[in-house]
Amino acid sequence: MLASAAEVAGLKPAVVPGTPLTSMIANGEYPDPLYGHIVTDTVPDTLKDTGYWYRVAFRVPRLLPGQRFWLQFDGINYLGTIWLDGTRIGTVEGAFKRAVFDVTDIVAKADGVAWLAVLVGKLDYADPPALPSYASGVTRGGRNGGPTGITLKNGPTFFCTAGWDWLPTIPDRDLGIWQPVSWHTTGPVRMADVHVTSTLSPDLRTAEVAIELALDSAVEKSVVVKGSLDGREFRRTVRVPAGASTVVLTSKDLACLRLEQPKLWWPNGYGDPYLYRLAVSVESGGQVYDERALNFGVRRIEYTTPMRSPSGTVSQCLAITVNNQPILVMGGNWGMDEALKRIPRERLREQVRLHRDANLNLIRNWNGQSSTEDFFAACDEYGILVWQDFFCSTEGPPAENVARDLANIRDCIVRFRNHPSVLLWCGGNEGPPPQPLIDGLDALVAELDPQRVVLTSSAGDTGENPIDGYRSGGPYHWVPPARHFSLNDGTQWPPFRNEVGSYSIPTLEFIRKMLPEGSWERPDDFWADRDVNGNGGNGGGAGYLRLTAERYGEVRNLPDFARKSQMMNYECIRAIYEAPVAHMGSAGPYPRTGVIMWMTNPAQPSFVWQMYSHDLEAHSAFYAVQHACRRVNVVLDARSFDVVVANHSRAVVRGAVDVSLYGLDGVEFSRRSFPVGGVKGSDRAVVGNVASLMEGVSSEVVFVRLLFRGARGVVRSFYWVENPARAVGFAGLDGMDAAAVSVIAGRSRDGVEVAVDVRNSGEAVALMVHLQVYDVRTGERVLPAAFSDNYLNLVGGEEVGVRVRLGAEQVLRHPEVGVRVDGWKVDQRASRLRGRGVEVTFNREALDVSPAVAAFGG
């Protein structure tokens, strides 16, 4: 029997938390299929067609009289049946439901060691794999969810692993014990749940905190509830019945639950995301029966603003206000945290940290596929709001077992509702779930978390008081920046767009890392398995290559493709965010209230829909987002050439915008200054227009530099634009003179910071100057590395300081680091590189854009 000490043949070491495939990779049975492979050619799809046994022996304590022993599972995909010492103790159904079992009687009979066995059951419904095809121009047959979409009938699972336009078919469908397994002991009384709510007064001066304890007691008895709230201690004696009961504590019971001048939790960029610490225990006679500690935040959220729709009716439109501050939502969609569910806490924190550093304030957890405690804790810490979807998608049939689906939804709400980062609950993706699921979800939120809003789906709301003014719908492919400004000019409905994205090509080093060498210069099915066909909107990968060549000139080889794609990334993705920024607040009649890019986090190595790579390297898309989402910004409208000052802060901003225009030769040919009399908080103002300044210009490409000078410093934006008189693309950039740059780098004494000073020492514009930190011994990039800025655009004589933060573990792993430099066109002979304890070199492979193959992609 597996749940015993008996020897069992065929068992192999398992990775827990993990999946069968991650265990097989760890055991050397398969290579990592996401790098240098086509997944479905590398790993047999039969991994999904069987259940998997897990077994472990663990030490258990000798129980004291009245002590209870609990076994907890935080997530099993898909169906788990559990045995302990040969006794079946229960089941877990659905990937997102916890299970806690009282196994006191079994452990009491154990002799210091207990044997746990878990059978993870396979999916009830499964499709064959969706195969990549570069030549088709669409991703994996052009259908998300597998050939038929039947996987969605399973109910709560990782249905995207059947194959999506951003994820290959995962052969084991991410089955397994994907979340931690733990045990703990309590006395006769257990705290099954602690729910904390706070009600912040309209003037933000006071907050009422309520603590609701769900108790499970073996006997009826009096207990003392003790605890502390940010160091302020409390205690109260209560009598609890046998079985399940609830105790609610408010400021009427405990004075410390009324907060005067509370410290508030703010979204990223608007203030400190302060977290209160609550510790609470249940005791009797000086013996602690159970105890919990958790963080929570105090904030006040309003969800809507009235707006007259194109039909003439006034509706309540989605528009977020936090702590009386209107928030322009600038978010990113997560399809999944990681394709094979390799998501240690450190990786998740880095992924969320990158969103904070990109100046984003929200993550949409698409279909709830990334629902873990670590994810929400990181979002709390970094001030990132969470749009929490649940498990229904229009890409296939609804869940067959509605009760199971609702049970998973219930547990998610209970589990994560204490997190201040959770903004709202949403039934699913791009269309309403079946009515029983809608009714069940609405009832659950009303019962368990009435302070938050629930939306029917990401495409619309059908609730009792429906929220309007938001939708999905793309575009999901590359379009010129002017197109985004047209879609977001304040005249288009709706004002909130929760899915819009583009191609997002990574660096040369990562492209080479994710593809086999034979495919580097010849796009093929290996490229297709890395999503290069996207949703087919640009004609697939081949169409995107043609578009790149049309806009920036012939693509000569892979390094040339990488550098031209960084330009494509930057101009389009910056516009996705700058267009709403330029038309928020007083713009009308439909001022922008939010945008969520599709996507920001890649589940696998990819060519599309991301702002950093799977290995957490930030490429140009990241800095496009970071620059576009600054809380005070100056923006050039790509359609009208208006100069717009945008102010997301609470204070009025004043100053002036200095405009300089340069030709391809780097010579300034026009200059203008626009006064900024005052832009109120959460608004924007058009301060001038530069279209007339470009009249009669001979240069086919114009560089526009905007400097907003205000009381809080200088904000700088830089653009390359087509001459309006003859818009012929940017192929002329290849004919500009190469730039001479001076790069000086040094490392702090403790090694955790690298300082890089970059100056344009010549006259030609230094365009997209790119820095990488690398290990001098191996040549490998040091990742993740937190750059204060990158992909720098400098006119002659300009300079900028960049700071790069490394983690303590990275310092140990990489005692000798260097800085590599590349860019659009760099004059290596005229440039000067100097290191102070840091080697500074050119990234010659990235700069080698001369023809290396007869025809790239041929």
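Provided above is the structure to which this section pertains.
All of the points below concern the structure found in this document. Computed from a predicted model, the values in this text were never measured in an experiment.

Here's the deal with the overall build of the protein chain
Right, so step 1: Of the regular secondary structure elements, the protein chain holds 15 helices and 42 strands.
Right, so step 2: By the compact-globule yardstick of 29 Å for 858 residues, the protein chain fits well, its C-alpha radius of gyration being 28 Å.
Right, so step 3: With the C-alpha coordinates of the protein chain rotated into their principal frame, the extents come out at 90 × 65 × 60 Å.
Right, so step 4: Relative to its full complement of 858 residues, the protein chain shows a buried share of 61%.
Right, so step 5: For the protein chain, the proportion of contacts with a sequence separation of at least 24, taken over those separated by at least 6, is 72%.
Right, so step 6: A total of about 30600 Å² of accessible surface is found on the protein chain, and carbon and sulfur atoms cover 49% of it.
Right, so step 7: When the 87 basic and 97 acidic side-chain charges of the protein chain are each reduced to a single mean position, those positions are 4 Å apart.

Observations concerning the packing of helix α4 (residues 345–357) against helix α5 (residues 373–382)
How two helices sit against one another is set out by the angle between their axes and by the gap between those axes.
Right, so step 1: Between α4 and α5, whose axes approach to 9 Å, the crossing angle comes to 35°. Crossing geometry of α4 relative to α5 is assigned as right-handed. In contact with R345, L348, R349, V352, R353 and R356 of α4, α5 contributes D374, F375, A378, C379, E381 and Y382.
Right, so step 2: Of the residues in the contact of α4 with α5, the class split is six nonpolar, no polar and six charged.

What to know about the side chain of Q179
Right, so step 1: Tracing the backbone through its elements, the reader meets Q179 in the loop between β6 (113–121) and β7 (181–186).
Right, so step 2: Among all residues touching Q179, those that are not within four sequence positions of it are P17, D74, G75, I343, T372 and R415.

Focus on the nonpolar core
Right, so step 1: Judged by nonpolar contacts, the single largest core of 210 residues is most densely connected at W166, F561, F703, W720 and L733.
Right, so step 2: By residue number, the principal contributor to this core is helix α12 (residues 558–581), which donates 13 residues.
Right, so step 3: When near neighbours in sequence (up to four residues on either side) are disregarded, L733 contacts Y552, M567, L664, V701, F703, L767, W824 and K825.
Right, so step 4: Residues M191, A207, V247 and L424 belong to the second largest nonpolar core, which totals 55 residues.

Things to note about the pattern of salt bridges
Right, so step 1: Following the criterion strictly, the structure yields 53 salt bridges and no others.
Right, so step 2: Salt-bridge contacts for D531 lead to R140; the nearest nitrogen and oxygen are separated by 3.2 Å. Taken as a pair, D531 in the loop between α10 (525–529) and α11 (540–552) and R140 in the loop between β6 and β7 lie far apart in primary sequence, 391 residues in all.
Right, so step 3: Looking at D531, the relative accessible area reads 0%, which means it is buried.
Right, so step 4: Note on R140: relative accessible area 4%, which makes it buried.
Right, so step 5: Linked through salt bridges whose partners overlap, the residues forming this network are R556, D560, R563, K564 and D734.

Examining the packing of aromatic side chains
Right, so step 1: Inspection of the entire model under this criterion finds 33 aromatic pairs.
Right, so step 2: Between W527 and F607 the ring centres are 4.7 Å apart and the planes differ by 10°, which places this aromatic pair in the stacked class. Highlighted residues: W527 in helix α10 and F607 in the loop between β26 (594–601) and α13 (620–628), separated in sequence by 80 residues. F607 carries the same exposure label as W527, and that label is buried.
Right, so step 3: Note on Y552 and F730: the rings are 5.3 Å apart at their centroids and 25° apart in plane angle, and the pair reads as stacked. In this pair, Y552 sits in helix α11 while F730 sits in the loop between β33 (713–722) and β34 (741–747), placing the two residues 178 residues apart along the sequence.
Right, so step 4: Judged by relative accessible area, which is 0%, Y552 ranks as buried.
Right, so step 5: Chaining the aromatic ring pairs together yields one cluster made of F96, F158, W178, F390, F391 and W425.
Right, so step 6: Above the plane of the ring of W70 lies R190, whose end atom (NZ or CZ) is 4.4 Å from the centre.

Details of the sheet that holds strand β1 (residues 52–59)
Right, so step 1: Strand order in the open sheet made by the four strands is β1-β6-β3-β4, with antiparallel pairing throughout. Pairing within the sheet leaves two strands with one partner each, and these edge strands are β1 and β4 (87–93). Taken over all neighbouring pairs, the strand axes of this sheet differ in orientation by 20° on average, direction set aside.
Right, so step 2: Of the strand pairs in this sheet, strand β3 (residues 79–84) and β4 are connected by six bridges, and their pairing is antiparallel. Directly across from L84, in β4, lies its bridge partner T87.

Thoughts on the sheet that holds strand β37 (residues 786–787)
The strands making up a sheet associate through backbone hydrogen bonding, with each pair oriented either parallel or antiparallel.
Right, so step 1: Within the open sheet, the five strands sit side by side as β37-β39-β35-β34-β41. Their pairing is mixed. The sheet is open, and its two edges are formed by β37 and β41 (832–836), each paired on a single side.
Right, so step 2: Relative to strand β39 (residues 799–805), strand β35 (residues 753–760) runs antiparallel, the two being bridged by seven bridges. Bridging from a neighbouring strand, V756 pairs with V802 of β39.

A word on the environment of S850
Right, so step 1: Counting through the fold element by element, S850 comes out in the segment after α15 (844–847).
Right, so step 2: Sequence-wise, S850 and A9 are 841 residues apart; in three dimensions their C-alpha atoms are separated by 58 Å.
Right, so step 3: Residues contacting S850, with those up to four places away along its chain left out, are R556 and N557.
Right, so step 4: A polar side-chain atom of S850 sits 3.1 Å from a polar atom in the side chain of D848.

Observations concerning the pairing of strand β20 (residues 362–365)
Right, so step 1: A two-sided burial pattern is seen for β20, the buried positions comprising L362 and R364 on one face and I363 and N365 on the other.
Right, so step 2: Strand direction decides the pairing type here: strand β19 (residues 329–334) and β20, joined by four bridges, are parallel. Paired with W334 across the bridge in β20 is N365.
Right, so step 3: Alignment of β20 against strand β21 (residues 385–393), held across four bridges, turns out to be parallel.

What to know about the environment of E283
Right, so step 1: In this fold, E283 is placed in strand β14 (residues 276–284).
Right, so step 2: The exposure class assigned to E283 is buried, which follows from its relative accessible area of 13%.
Right, so step 3: The spatial distance from the C-alpha of E283 to the C-alpha of G187 is 8.6 Å, given a sequence separation of 96 residues.
Right, so step 4: Not counting residues within four places of it along the chain, the set of residues in contact with E283 comprises V223, V224, K226, V288 and Y289.
Right, so step 5: Engagement of the side chain of E283 in a polar contact is seen with the side chain of S281, the distance being 3.0 Å.

Overview of α5
Right, so step 1: Looking only at α5, the buried set comprises F375, F376, A378, C379, D380 and Y382.
Right, so step 2: Summarising the contacts, the buried residues of α5 are in contact with β19, α4, β20, β21, α6 (402–416) and β22 (422–429).
Right, so step 3: A positive backbone phi angle near 75° is found at G383, which sits one or two residues after α5.

Comments concerning the environment of E509
Right, so step 1: Topologically, E509 is positioned in helix α9 (residues 508–514).
Right, so step 2: Here the alpha-carbon distance between E509 and P559, two residues 50 residues apart in the chain, equals 9.2 Å.
Right, so step 3: Setting aside its immediate chain neighbours within four residues, E509 contacts Q772, R781, R820 and N843.
Right, so step 4: A distance of 3.0 Å separates a polar atom in the side chain of E509 from a polar atom in the side chain of Q772.

Side note on a positive patch on the surface
Right, so step 1: Residues R759, R832, R834 and R836 make up a contiguous surface patch of positive charge.
Right, so step 2: Among the elements that take part in the positive patch, β41 stands out by supplying three residues, more than any other.
Right, so step 3: Residue position: R759 is located in strand β35.

The rules behind each value
Residues numbered from 1 in each chain as written. Predicted model: local features only at pLDDT ≥ 70, side-chain atom pairs only at ≥ 80, totals over all residues. Heavy atoms only, no water. Helix = DSSP H or I, 4+ residues; strand = E, 2+ residues; numbered from the N terminus. Rg over C-alpha atoms; globule rule 2.2 N^0.38 Å. Buried < 20%, exposed > 50% of the residue type's maximum accessible area, 1.4 Å probe, protein only. Contact = heavy atoms within 4.5 Å. Areas by Shrake-Rupley, 256 points an atom, 1.4 Å probe, with all protein chains shown as cover. Lys, Arg positive; Asp, Glu negative; His and termini not counted. Charge placed at Lys NZ, Arg CZ, Asp CG, Glu CD. Axes fitted to C-alpha atoms, helices over the stretch in contact; angles between N-to-C directions. Left-handed = near helix turned anticlockwise from the far one by under 90°. Nonpolar A, V, L, I, M, F, W, Y, C, P; charged D, E, K, R; others polar. Core = buried A, V, L, I, M, F, W, Y, C linked by side-chain atoms within 4.5 Å. Salt bridge = Lys/Arg side-chain N within 4 Å of Asp/Glu carboxyl O. Phe/Tyr/Trp six-rings, centres within 6.5 Å; stacked < 30°, edge-to-face > 60°. Lys NZ or Arg CZ within 6 Å of the ring centre and 35° of its normal. Pairing = 2+ DSSP bridges. Polar contact = N/O pair within 3.5 Å; in protein donor to acceptor, adjacent residues only side chain to side chain. Patch = residues over 30% accessible without salt bridge, like charges linked within 9 Å, V, L, I, M, F, W, Y side chains within 5 Å.

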